[in-house]
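Notes for the structure review
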Amino acid sequence: MSIKNILLAHTGSAAFPGSLRHALKIAKRHDAWLTGMYSGSTSYFDQILRLSEDLRLRLKDAEREKIADLRDMFDKEAAAAGIGERCEFVLPEVIGRAAPSEIARNFDFVVTGFHPKLPTDEYRAVSPDIIALRSGRPVLVVPDGYETDSMAGHALVAWDGKRSAARAINDAMAVLETKPRKVSILTVGNVLQDLPSAEWIMSHLERHGIDAEHIPLARPERSIAEIIQTTADKIGAKLVVMGAYEHSKFSQDVFGGVTHHVLRSIKIPVFMSH
């Protein structure tokens, strides 16, 4: 799949600048279009508090100013990148009541920031793992404040042979095939005991012209998320490719999971699909 149409989804003020600049680099490299989106969700204050009409209007005015600032930042960064003619920022009134996952289906993939931890940011945020689950599109999650002068040349693929991992590596192929690129396949424990060995997925990548290596690790006491993070640090990877929500959404919400913990802790972009 070629990359020609990218959606940038806003996830709160702290995450937006880094994800915007990274999305612009991708759009410029692939000669793609970039659409910025600010979700028109009901505000945190509307959900939790009963406000006077006067205070509600003042909060709406403040939000409109914030959106105007974000749009101005988007336009200036796009112009500075030299691709302003292929970029647009969509306002909440255009989106209406459509969910971010519904909007995402009209694009090749979504770039977004990590889900904010502040309650006052939650209402306007898009949850990247939920978008991956519901949209049918891959999501690239960029850490807050992440900056890089060039696109990543080394990717770490978390591979367990399951459906979501296979979907993620296939969706990421347009990124992985970009030269120069090295890919490390990480397997943890005996996850492939009933499946073809990791040599099969390595051969698949190599037939696409991708330099691949296998990193097999025994299952230690640490969590899978910690292993992914420490391995990425050790080999100098600048991108993680992984599946999202291989277990049920309920168990992820109640007990946490690999996707959730990786997104909360890792310091490099994560490309994921469901």
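Residues numbered from 1 in each chain as written. Predicted model: local features only at pLDDT ≥ 70, side-chain atom pairs only at ≥ 80, totals over all residues. Heavy atoms only, no water.

**Quick look at the packing of aromatic side chains**
- Counted by the stated rule, this structure contains three aromatic pairs.
- On the numbers, 6.5 Å between centres and 90 degrees between planes, the contact of Phe16 with Phe89 is edge-to-face. Of this pair, Phe16 sits in helix H1 (residues 16–29) while Phe89 sits in strand S3 (residues 87–90), and the two are 73 residues apart along the sequence.
- Their ring planes at 50 degrees and their centres at 6.1 Å tell us that Phe109 and Phe271 sit as a pair that is tilted. (Phe/Tyr/Trp six-rings, centres within 6.5 Å; stacked < 30°, edge-to-face > 60°. Helix = DSSP H or I, 4+ residues; strand = E, 2+ residues; numbered from the N terminus.)

**Some details on unusual backbone geometry**
- Phi angles above zero are rare outside glycine, and Asp31 is one such case at about 55 degrees.
- Mapped onto the secondary structure, Asp31 falls in the loop between H1 and strand S2 (33–37).

**Some thoughts on the sheet that holds strand S9 (residues 239–243)**
- The 10 strands are arranged S3-S2-S1-S4-S5-S10-S9-S6-S7-S8 in an open sheet whose pairing can be described as mixed. Looking along the sheet, the strands with just one partner apiece sit at the ends: S3 and strand S8 (211–217). Recorded for the sheet is a direction-independent mean angle of 20 degrees between the axes of neighbouring strands.
- As paired strands, strand S1 (residues 5–9) and strand S4 (residues 109–113) are joined by four bridges and run parallel to one another. Paired with Ile6 across the strands is Phe109, a residue of S4.
- The strands touched by helix H3 (residues 53–81) within the sheet are S1, S2 and S3, with S3 carrying the most contacts at an inclination of about 175 degrees. (Pairing = 2+ DSSP bridges. Axes fitted to C-alpha atoms, helices over the stretch in contact; angles between N-to-C directions. Contact = heavy atoms within 4.5 Å.)

**Brief notes about the environment of Arg21**
- Its location among the elements puts Arg21 in helix H1.
- For Arg21, a relative accessible area of 26% puts it in the partly exposed group.
- Once the C-alpha coordinates of Arg21 and Ala78 are considered, the two residues, 57 residues apart in sequence, prove to be 8.5 Å apart.
- Excluding anything up to four places from it in sequence, Arg21 contacts Glu77 and Glu147. (Buried < 20%, exposed > 50% of the residue type's maximum accessible area, 1.4 Å probe, protein only.)

**Quick look at helix H11 (residues 224–235)**
- When the terminal C-alpha atoms of H11 are compared, their 16 Å separation across 12 residues agrees well with the 16 Å that a helix rising 1.5 Å per residue should span.
- Within the sequence span of H11, burial applies to Ala225, Ile227, Ile228, Thr231 and Ala232. Mapping the buried residues of H11 onto a view down its axis gives an arc of 160 degrees, with all of them on the same face. For H11, the exposed residues lying more than 90 degrees away from the buried face are Asp233 and Lys234.
- Phi for Gly236, located one or two positions after H11, is positive at around 75 degrees. (Expected span 1.5 Å × (residues − 1). Arc of directions from axis to C-beta.)

**Some details on the confidence of the model for the protein chain**
- In this model, the protein chain carries a mean pLDDT of 82, and residues with pLDDT of at least 70 account for 81%.
- Note that pLDDT drops below 50 for residues 119–124; the model gives that stretch 21 contacts with residues more than four away or on any other chain.
- Note that pLDDT drops below 50 for residues 248–256; the model gives that stretch 10 contacts with residues more than four away or on any other chain. (pLDDT = per-residue confidence, 0-100.)

**A closer look at the packing of H11 against helix H13 (residues 258–265)**
- Put simply, H11 and H13 touch, their axes get as near as 8 Å, and they point 40 degrees apart. Between H11 and H13, the angle is such that the two are oblique. Helix-helix and strand crossings are classified by hand; for H11 and H13 the assignment is right-handed. Here Ile224, Ala225, Ile228 and Gln229 of H11 come into contact with H13, specifically with Val258, His261, Val262 and Ser265.
- Its residues assigned to classes, the contact of H11 with H13 shows five nonpolar, three polar and no charged. (Parallel < 35°, antiparallel > 145°, perpendicular 65-115°, else oblique. Left-handed = near helix turned anticlockwise from the far one by under 90°. Nonpolar A, V, L, I, M, F, W, Y, C, P; charged D, E, K, R; others polar.)

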